[in-house]
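Structural characterization, general
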Amino acid sequence: GAIPDSLWAYQIIEPNTRYSDMKYGYSYMRSPWSTNPSPYISRYTYIDVTLPTCEHHYDTFNYEILSDYLNNIENHPHGNAHFSSGGVLGCDLLEPFVDDGIFPTIDDSYEFCHTIVLKTKFWYRDYMITVQKDCYVENNDFTDHENFNCGMVCDDSIEGKEAFYAILISYSSIYLTNTDDSTLEVLRQFICNGDFHKIITGDQFMSSSAADPAFWPIHPTLERLYHAKLMTSGFTSTAYPDGEKSCSYPKCYDYLTGEYGYYDSCCDGHYSYGKLFDYFSVSRESYIGLTNLEMYTATDPTSTDYSMSYVYDNFQWSHCADSADIDALLASSAD
């Protein structure tokens, strides 16, 4: 999975030497639910995902309501770039479940795999799952995932299982033959006690994506499009998407009450008043920095409160002239 050539060949991922309470997995500066053992920035293959196109950006620009714009931009214009460059290793470990009747087809098992590796963060954030500590790779052989020795620790309570099932159903039911409790428990056992930890995601799939040099053309491109939108046609509604549009998370864990259910806290961090967790204290009851709404205002180039230290030198998409003429769209929107 290491980058094999170019200026960034075999770029290392930093070890976690700062947060002793979060040394899960192989103790690298990756998401605490990551089981990637590689000491290098990792990229794997991904199936049936295309890179963002000029058409994706053109269509995104035409959204007139801010909340719709934000919901759309995280998918094809943005997410696919991370998916295609990050990728996944080890989805073949799910193929035997096709013969067991869990998945209708091989393709369904792979789609399930690609979906569920992204949703592990919800289990972690809701205390349903943690990764073992002090994991190791036999003989330091990173070429075969059979050498990876790690694993998950799950909440086996009745409430924990029900909440775990809720996430499985919410995000992956379309890939399953059925969603009865016995099927869901088979998958939970694979994730908690089986070889799920050997399914490895590339860094672009994780919060460590910024360590991959490929991250940096992705986000500025989207921000440049966003700035162009604000400075030309703008939005007919810029109301921050509080309420139902904040997120679509399923049943979650309320760490204040110790119970699972459907709460406003399921969308913590997504509301206008949301802030980052305090990463210095590693506390879920302490927050730091600007609210989302304050950040939105600070990054609006049409606002007198614009606080970024840069501006983009141009808003030209000449490479899109033959497919989706964004330059012409911007010119007409600015009139």
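Refer to the preceding data block for the structure.
Read on for a plain summary of the structure. (Residues numbered from 1 in each chain as written. Predicted model: local features only at pLDDT ≥ 70, side-chain atom pairs only at ≥ 80, totals over all residues. Heavy atoms only, no water.)

1. Some thoughts on helix 1 (residues 54–61)
The condition is simple: Accessibility here uses a 1.4 Å probe with only protein chains present; expressed as a share of the type maximum, an area under 20% marks a residue as buried, one over 50% as exposed, and anything in between as partly exposed. Numbering of helices and strands runs from the N terminus; a helix is a DSSP stretch of H or I covering at least four residues, while a strand is a stretch of E covering at least two. By construction, the arc corresponds to the directions joining the helix axis to the C-beta atoms. For this analysis, residues touch if any pair of their heavy atoms sits within 4.5 Å.
Of all the residues in helix 1, the buried ones are Cys-54, His-57, Thr-60 and Phe-61. The arc that holds every buried residue of helix 1, seen down its axis, measures 130°, which confines them to one face. Those residues of helix 1 hidden inside the fold are in contact with helix 2 (66–73), helix 3 (75–86), helix 8 (215–231) and helix 10 (326–334).

2. Topic: helix 8
Let me state the cut-off plainly: Helix span, as expected, comes to 1.5 Å for every residue beyond the first.
Spanning 17 residues, helix 8 covers 25 Å between terminal C-alpha atoms, matching the ideal 24 Å at 1.5 Å per step. Of all the positions in helix 8, only Phe-215, Ile-218, Leu-222, Glu-223, Arg-224, Leu-225, Tyr-226, His-227, Ala-228, Lys-229 and Leu-230 are classed as buried. Turning to helix 8, the residues buried within the fold contact helix 1, helix 2, helix 3, helix 9 (292–298) and helix 10.

3. A look at the packing of helix 3 against helix 8
The cut-off we apply is this: Lines fitted to C-alpha atoms define the axes here, with helix axes fitted over just the stretch in contact, and angles between the N-to-C directions of these axes take values from 0 to 180 degrees. In these notes the angle categories are as follows: under 35 degrees is roughly parallel, over 145 is roughly antiparallel, 65 to 115 is roughly perpendicular, and the rest is oblique. Each residue gets one of three labels, nonpolar for Ala, Val, Leu, Ile, Met, Phe, Trp, Tyr, Cys and Pro, charged for Asp, Glu, Lys and Arg, and polar for the others, Gly among them.
Contact pair helix 3 / helix 8: the axes reach a minimum separation of 10 Å and the direction vectors enclose 180°. Taken together, the axes of helix 3 and helix 8 are roughly antiparallel relative to one another. Contacts from Pro-77, His-78, Ala-81 and His-82 of helix 3 reach helix 8 at Phe-215, Ile-218, His-219 and Leu-222. Of the residues belonging to the contact of helix 3 with helix 8, the class tally is five nonpolar, three polar and no charged.

4. Description of the state of the cysteines
Applied cut-off: The disulfide criterion used throughout: a pair of cysteine sulfur atoms within 2.5 Å.
Following the criterion strictly, the structure yields four disulfides and no others. What pairs with Cys-54 in a disulfide is Cys-320, and their sulfur atoms sit 2.0 Å apart. Between Cys-54 and Cys-320 the disulfide shows an S-S torsion of about -75°. By sign, it is left-handed. A residue pair is termed long-range when its members are at least 10 positions apart, and Cys-54 in helix 1 and Cys-320 in the loop between helix 9 and helix 10 qualify at 266 residues. Using a relative accessible area of 14% as the deciding quantity, one classes Cys-54 as buried. The exposure class assigned to Cys-320 is buried, which follows from its relative accessible area of 1%. Here Cys-91 pairs with Cys-113 through a disulfide, and the sulfurs are 2.0 Å apart. Here the disulfide of Cys-91 and Cys-113 is left-handed, its torsion about the S-S bond being about -75°. On the criterion of sequence distance, the pair formed by Cys-91 in the loop between strand 1 (88–89) and helix 4 (96–99) and Cys-113 in helix 5 (residues 106–125) is long-range, its members being 22 residues apart. No difference in accessibility class separates Cys-91 from Cys-113, as the two residues are buried.

5. Looking at the environment of Ile-13
Here Ile-13 lies in the segment before helix 1. Sequence spacing of Ile-13 and Tyr-249 is 236 residues, and the spatial spacing of their C-alpha atoms is 30 Å. In contact with Ile-13, not counting residues within four places along its chain, are Tyr-28, Met-29, Arg-30, Ser-38, Pro-39, Tyr-40, Ile-41, Asp-203, Ser-208 and Ala-211.

6. Considerations on the pattern of salt bridges
To keep things clear, this is the line we draw: We define a salt bridge as a contact between a side-chain nitrogen of Lys or Arg and a carboxyl oxygen of Asp or Glu at a distance within 4 Å.
On inspection of all chains with the given rule, the structure shows six salt bridges. The closest approach of N and O atoms between Glu-146 and Lys-198, which form a salt bridge, is 3.4 Å. In this pair, Glu-146 sits in the loop between strand 3 (136–137) and strand 4 (148–149) while Lys-198 sits in the loop between helix 7 (181–193) and strand 6 (200–201), placing the two residues 52 residues apart along the sequence. Of the residues examined, Lys-198 reaches a relative accessible area of 10% and is grouped as buried.

7. Considerations on the layout of surface pockets
The probe, sized like a water molecule, is rolled over the atoms to show the empty space still left. For clarity, the threshold we go by: Residues are said to line a cavity or pocket when one of their atoms sits within 4 Å of a point; the points come from a 1 Å grid over protein atoms alone, cavities being sets where a 1.4 Å probe fits but cannot get out and pockets being open sets with protein on both sides within 12 Å along at least five of seven lines. Grid points are joined across faces, edges and corners, and a volume is the space filled by probe spheres set on the points.
In this structure, the second largest pocket spans a volume of roughly 280 Å³. Considering the residues around the second largest pocket, the lining is formed by 17 residues, among which Leu-51, Pro-52, Ala-81, Ile-218 and Thr-221 are closest to the centre. Mapped by element, the contributors of at least two residues to the lining of the second largest pocket are helix 1, helix 3 and helix 8. With five residues, the single largest contributor to the lining of the second largest pocket is helix 8. Taken together, the residues of the lining of the second largest pocket sort by class into 10 nonpolar, six polar and one charged.

Shape is all these values report; function is a separate question.
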